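# Chains, contacts and geometry: an overview
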Amino acid sequence: MPPKNKGGGSRAKPAEPAKQEAPKKPQTIRELEWQWYYDTNPYQKAYEELGLNGMTPADRQAYLNQEYLKPGAAKTLSNKAQKELWKQLNEASVPLRSLPRPSDNRWGRDKNGRDIGDYTVEEYRAYEAKKIKLLYLLDESWAFKTKRAKANSKDGLLPRSDTSKPITLTEEDIEAEKARRREMAQLQQELYGVKMDPYELDPEWDDVVPIPQVEPEGALAAIAYPEEYAESMSYLRAVMATKEYSPRCLRLTERIISLNPAHYTVWLYRFSIVEALNISIPDEIEWLNEVSLTHIKNYQIWNHRQQLVDHYYPAIVTSPSEVTALANSERDFIEKMLKLDTKNYHVWSYRQYLVRKLGMWGDAERLSIENLIRDDVRNNSAWSHRFFVVFSDPAYSTPDSNATEHDPKVPEDIINREIEYAEEKILLAPQNQSPWNYLKGVMVKGGRGLNSGRKSPFGTVRQFTEQFVKNLGNGDTEEVTSSHALDLLADIYKEAGENDKADLVLRRLGEKWDRIRRGYWEYRRKMLDS
């Protein structure tokens, strides 16, 4: 048997407490909040995990005593009981103040829908720093508005009796406020996803209350205006309602035109501002040039330009040099526009107006058109304008003479010159309809029959035209280099009473040389005997 222990009964060594893992460092602001909650409610976690019955007597008593720390609860106990309560709370190291239990929805969500409680501590600190910065900027902006209101008051003095120092608002103050608002806009965008309107960023527009577009309730096709455009239009409605004509309104119209150059109301309002402020017309035209080159198909641009010239002309009409300078500058710009689009209807319409308004008849305009025709002999717009410039010149034409009627006032040498010019261009491109139509128009204006014996360097019109047709109706030997020559020959032969030839020409046009208009040519054949 083993020897007995002389030291008496054996006693087991007390168990060493289990080593507890260090609490994890909170990763999010929500975890940090819960950590703070449990730090100020030290027995709450044991209660949640073990319940009252599972807690040690001391922990259970401390947990229950903590309820008496709520405002007014300890006063329900006797004085002796209160002393015992404070003794036990002190021995258990229970915090006298505790944080309330965190709420699941306490933090809310950011502009992207992310729960702010899931932010890291560093992210949340940066987020709160931005909010504080925004509040500071708002306070500074409010101070600026207060200062401006006092500076704009009748006497410009502080509303205090201890000083009479006037308050002034400097350009530096305004620029500082603009910079402040830009920073505020950036912070609001970053924090809340709220975009400040551009005009909210400019102190100059603080006095304007924008009037938004109101769509009818239940509208089937409400227009989805871009935010930038809708906001600008809201300010435009406001200033138009008060009939304000100011430099800021001019800048507003410029912005809206850049967004929607076809908005005719904005153009009309802009012209009213130009009139009211007596803005330099050459400066406005210079601005308009850039807009025109950007939006070459826009009609309102040319209507505005015409209004500007109408407004400007009375001021320069007594100065021929200024009228000539305007005419030359406008012609140069028109030529620049026509290089981008040689057949732009709005440009040609404006050019015709300009010729009448500024008296741009004569060689300069005609030669300018010749350059365009030389570049593109098929430019029907250029041919039409040449006809207008040549045969509407008040120096020798009958006022309001119709384009399709004889004008006896037009000199013979001009008629001859235009016939020769048209025939030269026909030879370059016989199948080009424009010079053929021009030739017929010149003959009408000159009152000349198509069988006139008057010769150009190319012979009579009949001789000139017949050179484009050989062996008509003779099978394989038939040769036609211009169907438009056949068209004109039909009129020439009819006028000469040679209906058989005219009928042959029209028949061959329908059968071979212009089949797509066969019905028209058959109609012309029936009209030969009428």
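Residues numbered from 1 in each chain as written. Predicted model: local features only at pLDDT ≥ 70, side-chain atom pairs only at ≥ 80, totals over all residues. Heavy atoms only, no water.

Turning to the packing of aromatic side chains, a few remarks are in order. Under the counting rule described, the total for this entry stands at 25 aromatic pairs. With centroids separated by 5.0 Å and ring planes inclined at 35°, the aromatic side chains of Tyr-199 and Tyr-235 adopt a geometry described as tilted. Of the two residues, Tyr-199 sits in the loop between helix 6 (171-192) and helix 7 (227-241) while Tyr-235 sits in helix 7, which places them 36 residues apart along the sequence. Across the pair, Tyr-235 and Tyr-199 agree in class, each one buried. Of the aromatic side chains, those joined through ring pairs into one cluster are Trp-383, Phe-387, Phe-391, Tyr-421 and Tyr-438. Between Arg-106 and the ring centre of Trp-107, over which it is positioned, the NZ or CZ distance is 4.2 Å. (Phe/Tyr/Trp six-rings, centres within 6.5 Å; stacked < 30°, edge-to-face > 60°. Helix = DSSP H or I, 4+ residues; strand = E, 2+ residues; numbered from the N terminus. Buried < 20%, exposed > 50% of the residue type's maximum accessible area, 1.4 Å probe, protein only. Lys NZ or Arg CZ within 6 Å of the ring centre and 35° of its normal.)

Here the focus is a nonpolar patch on the surface. A grouping of Tyr-47, Leu-52 and Leu-64 is seen on the molecular surface, where their side chains present a nonpolar patch of about 220 Å² in accessible area. Structurally, Tyr-47 can be placed in helix 2 (residues 44-54). Given a relative accessible area of 32%, Tyr-47 falls into the partly exposed group. (Patch = residues over 30% accessible without salt bridge, like charges linked within 9 Å, V, L, I, M, F, W, Y side chains within 5 Å. Areas by Shrake-Rupley, 256 points an atom, 1.4 Å probe, with all protein chains shown as cover. Salt bridge = Lys/Arg side-chain N within 4 Å of Asp/Glu carboxyl O.)

By secondary structure assignment, the location of Gln-66 is in helix 3 (residues 57-66). Its relative accessible area of 9% is what places Gln-66 among the buried residues. Discounting chain neighbours no more than four positions away, the residues touching Gln-66 are Thr-40, Asn-41, Pro-42, Leu-89, Val-94 and Ser-98. (Contact = heavy atoms within 4.5 Å.)

This part covers helix 13 (residues 345-358). Counted at 1.5 Å a residue, the expected span for helix 13 with its 14 residues is 20 Å, and the 20 Å between its end C-alpha atoms agrees. For helix 13, the set of buried residues is Val-347, Trp-348, Tyr-350, Arg-351, Tyr-353, Leu-354, Val-355 and Leu-358. Lining the buried residues of helix 13 we find helix 11 (300-316), helix 12 (320-340), helix 14 (363-375) and helix 15 (380-391). The backbone nitrogen of His-346 lies 3.1 Å from a side-chain oxygen of the residue at the head of helix 13, namely Asn-344. Immediately beyond the C-terminal end of helix 13, within one or two residues, lies Gly-359, with a positive phi of roughly 65°. (Expected span 1.5 Å × (residues − 1). Polar contact = N/O pair within 3.5 Å; in protein donor to acceptor, adjacent residues only side chain to side chain.)

Taken N-terminus to C-terminus, the directions of helix 11 and helix 13 make an angle of 10°; their axes are 10 Å apart at the nearest point. Comparing their axes, helix 13 and helix 11 come out roughly parallel. Each of Trp-302, Arg-305, Gln-306, Val-309, Asp-310 and Tyr-313 in helix 11 lies in contact with helix 13, whose residues at this interface are His-346, Val-347, Tyr-350, Tyr-353, Leu-354, Lys-357 and Leu-358. Considered class by class, the residues forming the contact of helix 11 with helix 13 number eight nonpolar, two polar and three charged. (Axes fitted to C-alpha atoms, helices over the stretch in contact; angles between N-to-C directions. Parallel < 35°, antiparallel > 145°, perpendicular 65-115°, else oblique. Nonpolar A, V, L, I, M, F, W, Y, C, P; charged D, E, K, R; others polar.)

Below, the discussion takes up the side chain of Asp-487. Residue position: Asp-487 is located in helix 19 (residues 483-495). By relative accessible area, which is 14% here, Asp-487 ends up buried. Residues in contact with Asp-487, not counting those within four places in the same chain, are Lys-440, Leu-509, Trp-521 and Arg-524.

Side chains that differ in sign of charge can pair as their charged atoms come close. Throughout the structure, instances matching the rule amount to 44 salt bridges. Here Asp-207 makes a salt bridge to Arg-248, at a shortest N to O gap of 2.9 Å. One end of the pair, Asp-207, is in the loop between helix 6 and helix 7; the other, Arg-248, is in helix 8 (residues 247-259), and 41 residues separate them in sequence. With relative accessibility at 56%, the residue Asp-207 sits in the exposed group. On the basis of relative accessible area, Arg-248 is assigned to the buried category, the value being 8%. Where Glu-412 meets Arg-448, a salt bridge forms, and the shortest distance between an N and an O atom there is 2.5 Å. Pair noted here: Glu-412 is in helix 16 (residues 412-428) and Arg-448 is in the loop between helix 17 (433-445) and helix 18 (461-466), with a separation of 36 residues, a long-range link. When its relative accessible area of 39% is taken as the criterion, Glu-412 is described as partly exposed. Through salt bridges that share partners, Asp-363, Arg-366, Glu-370, Arg-386, Arg-417 and Glu-418 make up one connected network.

With that settled, the discussion passes to the confidence of the model for the protein. The predicted structure's coordinates, where accompanied by low pLDDT, should not be read in detail. Of all residues in the protein, 92% have pLDDT values of 70 or greater, and the mean over the chain is 88. Across residues 7-20, where pLDDT falls below 50, the model places zero contacts with residues more than four positions away in sequence or in other chains. (pLDDT = per-residue confidence, 0-100.)

On to unusual backbone geometry, then. In this model, Asp-400 sits at a positive phi of 60°, which is unusual for a non-glycine residue. Mapped onto the secondary structure, Asp-400 falls in the loop between helix 15 and helix 16. Judged by relative accessible area, which is 81%, Asp-400 ranks as exposed. If you check the backbone angles, Asn-471 has positive phi at about 55° while not being a glycine. Given a relative accessible area of 43%, Asn-471 falls into the partly exposed group.

This part is about the packing of helix 14 against helix 15. As a packed pair, helix 14 and helix 15 sit with axes 10 Å apart at the nearest point and diverge in direction by 160°. The angle between helix 14 and helix 15 falls in the class roughly antiparallel. Once helix 14 is placed against helix 15, the crossing between them reads as left-handed. On the side of helix 14, the interface is formed by Glu-365, Arg-366, Ile-369, Glu-370, Leu-372 and Ile-373, while helix 15 contributes Ala-382, Trp-383, His-385, Arg-386, Val-389 and Val-390. Across the contact of helix 14 with helix 15, the residue classes tally to seven nonpolar, one polar and four charged. (Left-handed = near helix turned anticlockwise from the far one by under 90°.)

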